[in-house]
Amino acid sequence: MESAKLIAGLARILHDVGIAEELAQDALVAALEQWPAGGVPDKPGAWLMATAKHRAIDWLRRGALLARKHEELGRELDEQHAEALAALEAQLDDELDSAIDDDLLRLMFVACHPLLSSDARVALTLRLLGGLTTDEIARAFLVPEATIAQRIVRAKRSLADAGVPFEVPRGDALALRLASVLEVIYLIFNEGYSATAGDDWMRPALCDEALRLARILAGLAPNEPEALGLLALLEIQASRSRARVGADGEPVLLLEQDRARWDPLLIRRGLAALERAEALGGALGPYALQAAIAACHARAACAAHTDWTRIAALYAALARMQPSPVVELNRAVAVAMAEGPARGLALLDALREEPALANYHLLPSVRGDLLLRLGRRREAQTEFERAAAMTRNAREQRLLLERARLAAQAADEGARRDVPT
């Protein structure tokens, strides 16, 4: 998370996200070299920023940027050159030490510049601000890792070549980039909420950062229904964080969560943001629709009181507006809850040939759950095992393997009961 702040602070001054990323990495390497011997400083973020600043000054001394600065000032005596350099360094000091609250947001809008393709905007911003690896981004997009790596390299080169200004756009330019920015925040939150890989079920720092950015964006664009819709969605989803993880860090699924542990303040904030989005005519935006789904869960005192019929209808509306096999998968779950597992399984089976879901572990996971509810335990076991083989999150894998074990145990017990005596 400090890496993203370093990149944002440097990019604001250097106007080159590629160079900013390299210098930020240099500062992190310096920390790895010096902290084991000298100890972690009291303010590690400030130490990293100061180190990155010195790296930036060295780069300016060596690079073409300093030469252009000298040209603008004119060819003077060596003493005047030294004074100009000192002034530039002092300016850099002031700039990097100034408030950086909005730096990440500025960097996000730069990475979402219209000169880049939509996919490149999202991939670059996830890499720079979310700190996600290319592999994690690829899994979020359900595309090969090499594809994401190429998008990121080309995007950084394009931004550098175009000299894109490091600023938050205004007017029409803001609206043009808003959709990509919303998508980026959404994907960062999702990676934190359900980590695609590693040993942890959640990455709370990513959730917190996405929620912070969503709040800043909603404040920047208070009349944008979808900015409010996204904020509403993230507030309500974040309210469940404490209940999603057990005492030992194991995942706790939605229907099994202790709703007393849901954060009522975040729920109120989410519902208030959703109300504002709807008042602005944004009730049918994709993020507002998802927020309305989350609100159905938040308003239910217990899992049994959930309005699954409304949730299924909201997913159907979302599928019409934003067709996606993942949305259809979620709709199948809602239909199964509202109309029975057989109806949900029929919808789910229609998705089994979708190329985008070929390696998506939630498809066999959900299918296993519906098969289990239908009493088809051995088939459910197979599906849970397939899902476990697909996921790269260690805790989720253990959960799926445990569900497979319980399905197999139930199947064995059922077989023993059926044996004639």
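Above this text you will find the structure in question.
Residues numbered from 1 in each chain as written. Predicted model: local features only at pLDDT ≥ 70, side-chain atom pairs only at ≥ 80, totals over all residues. Heavy atoms only, no water.

What follows concerns the overall build of the chain. When helices and strands are tallied, the chain shows 20 helices and 2 strands. Residues counted as buried form 48% of the 421 residues belonging to the chain. Taking contacts inside the chain between residues at least 6 apart in sequence as the whole, the part at least 24 apart equals 64%. By element, 52% of the accessible surface of the chain is carried by carbon and sulfur atoms, the whole surface being about 20,300 Å². (Helix = DSSP H or I, 4+ residues; strand = E, 2+ residues; numbered from the N terminus. Buried < 20%, exposed > 50% of the residue type's maximum accessible area, 1.4 Å probe, protein only. Contact = heavy atoms within 4.5 Å. Areas by Shrake-Rupley, 256 points an atom, 1.4 Å probe, with all protein chains shown as cover.)

Of all hydrophobic cores here, the largest spans 124 residues; its most connected members are Leu-107, Met-108, Ile-185 and Leu-234. Not counting residues up to four positions away in its chain, the partners in contact with Leu-234 are Ile-185, Phe-189, Ala-210, Leu-211 and Ala-214. (Core = buried A, V, L, I, M, F, W, Y, C linked by side-chain atoms within 4.5 Å.)

So, on to the packing of helix H1 (residues 2-14) against helix H6 (residues 103-111). Running from N to C, H1 and H6 cross one another at 70°; their axes reach a closest spacing of 8 Å. The angle between H1 and H6 falls in the class roughly perpendicular. Contact residues: H1 offers Ala-4, Lys-5, Ile-7, Ala-8, Gly-9, Ala-11 and Arg-12, while H6 offers Asp-103, Leu-104, Arg-106 and Leu-107. Split by residue class, the contact of H1 with H6 holds 6 nonpolar, 1 polar and 4 charged. (Axes fitted to C-alpha atoms, helices over the stretch in contact; angles between N-to-C directions. Parallel < 35°, antiparallel > 145°, perpendicular 65-115°, else oblique. Nonpolar A, V, L, I, M, F, W, Y, C, P; charged D, E, K, R; others polar.)

With that settled, consider the packing of H1 against helix H2 (residues 17-38). Packing of H1 against H2 leaves a shortest axis separation of 8 Å and a crossing angle of 135°. Classified by the angle their axes make, H1 and H2 are oblique. The way H1 lies across H2 gives a crossing that is right-handed. Only Val-17, Ile-19, Ala-20, Glu-21, Leu-23, Ala-24, Gln-25, Ala-27 and Leu-28 of H2 make contact with H1, whose side of the interface consists of Ser-3, Leu-6, Ile-7, Leu-10, Ala-11 and Leu-14. Looking at the contact of H1 with H2, its residues break down into 12 nonpolar, 2 polar and 1 charged. (Left-handed = near helix turned anticlockwise from the far one by under 90°.)

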